[in-house]
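Residue-level structural notes
If you want the building blocks of each chain, they are given just below.
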Amino acid sequence: ITVIVALLTLLSFVSCKKVSDNTQNNELDKNSAVIYIGMDDEFKEYNFEYTENITPEILIQQISELTGWNLDIVGDVKIEDYGMKVCFAKTSAIFTGAPEEQKDEFFVYDMYQLCQEIFDSVKRTLQYNFGESDVYFCTENDEPITIDSNIIIPADKPYTGFYDNSGDIYTAECKFGGLNDGHSVEVVIDGNVEVLQVYDEGVLEKIRDFDLGDTFKCEYLINTSTNMKTITKIIE
């Protein structure tokens with residue numbers, strides 16, 4: 001009888017441990033964490049102490065308080081086997097932009113930089129503190145996030161970066177319509193006005209020499225995830 005009881009106890013312990021191991025935890029069993037703010041591979045680190053166990057929602061709120069960016073989310077961050085999903089509200093800075101009075105330490109020049117810093121900071125912070133699982137972003141009703149009509153962050157694919165180089169390359173004859181900001185240019189392609197991104201400094205130097213109405217030939221990449229169009233080469 002003693003042996004049977006011991007075996008039953010052991011089986012019960014193994015079963016409970018298996019259930020516990022498969023359960024996703026929506027809070028840290030500690031009250032300290034590291035906040036990351038930045039983009040690409042350049043982040044500033046901020047140690048964060050809290051009086052209770054830390055949740056993903058608390059970390060996102062702390063990023064908001066540090067930067068001054070509105071990071072309203074809808075519901076709790078979902079932590080599933082496939083990864084973590086953050087649903088931003090339409091009142092968040094992703095849709096409304098940076099505040100009129102920005103903090104010097106977190107100053108952004110345009111909507112693209114703002115959104116990239118938000119996505120990269122939230123992803124890095126959640127992955128560091130809750131595990132290296134995939135991070136998904138969406139907006140209300142689990143819809144994809146559209147930025148300035150030409151960038152789409154899909155809700156059903158993990159976020160891999162704002163400007164990754166996965167996509168298809170196209171060649172086009174363009175008419176120069178002017179630089180919109182530090183890294184986007186308005187052009188006319190086949191009679192349609194397009195806004196293309198430019199991040200290569202050599203390409204930017206050539207574009208800065210164009211006058212309104214000049215025509216040029218270029219190669220541009222359409223990102224398969226975000227639909228962003230980026231000029232990769234000016235064809236001489």
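It should be emphasised that the depicted structure is a prediction, and the values quoted were computed from it without experimental measurement.

This part covers the overall build of the protein. The helix and strand tally for the protein stands at 5 helices and 12 strands. Looking at the protein as a whole, 42% of its 236 residues are labelled buried. The long-range fraction of contacts in the protein, counting pairs at least 24 apart against all pairs at least 6 apart in sequence, stands at 58%.

Strand pairing in a sheet is mediated by backbone hydrogen bonds. Such pairs are either parallel or antiparallel. A sheet is described by the order of its strands in space; here 3 strands give the open sequence β3-β4-β5, paired in mixed fashion. Pairing within the sheet leaves two strands with one partner each, and these edge strands are β3 (78-80) and β5 (135-139). Taking each pair of neighbouring strands and ignoring which way they run, the sheet shows an average axis angle of 20 degrees. With 5 bridges joining them, strand β4 (residues 83-88) and β5 adopt parallel strand pairing. Looking at β5, one finds that Lys 85 is bridged to Tyr 136. In the packing of helix α4 (residues 111-130) onto the sheet, the strands contacted are β3, β4 and β5, and the crossing angle to β4 comes to about 145 degrees.

On to the nonpolar core, then. Counting residues in each nonpolar core, the largest one holds 39 residues, and the members touching the most others are Phe 88, Phe 119, Phe 137 and Phe 162. Looking at this core element by element, the count peaks at 9 residues for α4. Counting 18 residues, the second largest nonpolar core, distinct from the first, contains Ala 172, Val 185, Cys 218 and Ile 234.

Taken as a whole, this structure holds 0 disulfides when the rule is applied. Of all cysteine sulfurs, the one in Cys 138 lies closest to Cys 87, which takes part in no disulfide; the gap is 3.5 Å. With no disulfide partner, Cys 218 has as its closest neighbouring cysteine sulfur the one in Cys 174, 3.6 Å distant.

Since the α-helix advances by 3.6 residues per turn, residues separated by three or four positions end up pointing in the same direction. Taking 1.5 Å of rise per residue, 12 residues should cover 16 Å, and helix α2 (residues 56-67) covers 17 Å from first to last C-alpha, within 8% of that figure. α2 sits mainly inside the fold: 9 of its 12 residues count as buried. Of all the residues in α2, the buried ones are Pro 56, Glu 57, Ile 58, Leu 59, Ile 60, Gln 62, Ile 63, Ser 64 and Thr 67. The inward-facing, buried residues of α2 contact β1 (32-39), β2 (42-49), β3, β4 and α4. Once α2 finishes, Gly 68 follows within two positions and takes phi at roughly 90 degrees, a positive value.

Here the focus is the environment of Thr 67. Along the chain, Thr 67 turns up in helix α2. Thr 67 sits 37 residues away from Asp 104 along the chain, and the two C-alpha atoms are 9.4 Å apart. Leave out the neighbours within four places in its chain, and Thr 67 touches Ile 37, Lys 103 and Phe 106. Within the structure, Thr 67 has its side chain in polar contact with the backbone oxygen of Ile 63 (distance 2.8 Å).

Here we take up the pattern of salt bridges. Scanning all chains against the criterion turns up 5 salt bridges. When the shortest N-O distance is used, the salt bridge between Lys 44 and Glu 105 registers 3.9 Å. Of this pair, Lys 44 sits in strand β2 while Glu 105 sits in the loop between α3 (93-96) and α4; the two residues are 61 residues apart in sequence, bridging distant segments of the chain. The class for Lys 44 is partly exposed, based on a relative accessible area of 42%. Of the charged contacts in the structure, one is a salt bridge between Lys 229 and Glu 194, with a shortest N-O distance of 2.9 Å. Placement of the pair is Lys 229 in strand β12 (residues 229-235) and Glu 194 in strand β10 (residues 192-198), with a sequence separation of 35 residues. According to the relative accessible area criterion, Glu 194 is partly exposed, its value standing at 22%.

Thresholds, definitions, all that
Residues numbered from 1 in each chain as written. Predicted model: local features only at pLDDT ≥ 70, side-chain atom pairs only at ≥ 80, totals over all residues. Heavy atoms only, no water. Helix = DSSP H or I, 4+ residues; strand = E, 2+ residues; numbered from the N terminus. Buried < 20%, exposed > 50% of the residue type's maximum accessible area, 1.4 Å probe, protein only. Contact = heavy atoms within 4.5 Å. Pairing = 2+ DSSP bridges. Axes fitted to C-alpha atoms, helices over the stretch in contact; angles between N-to-C directions. Core = buried A, V, L, I, M, F, W, Y, C linked by side-chain atoms within 4.5 Å. Disulfide = S-S within 2.5 Å. Expected span 1.5 Å × (residues − 1). Polar contact = N/O pair within 3.5 Å; in protein donor to acceptor, adjacent residues only side chain to side chain. Salt bridge = Lys/Arg side-chain N within 4 Å of Asp/Glu carboxyl O.

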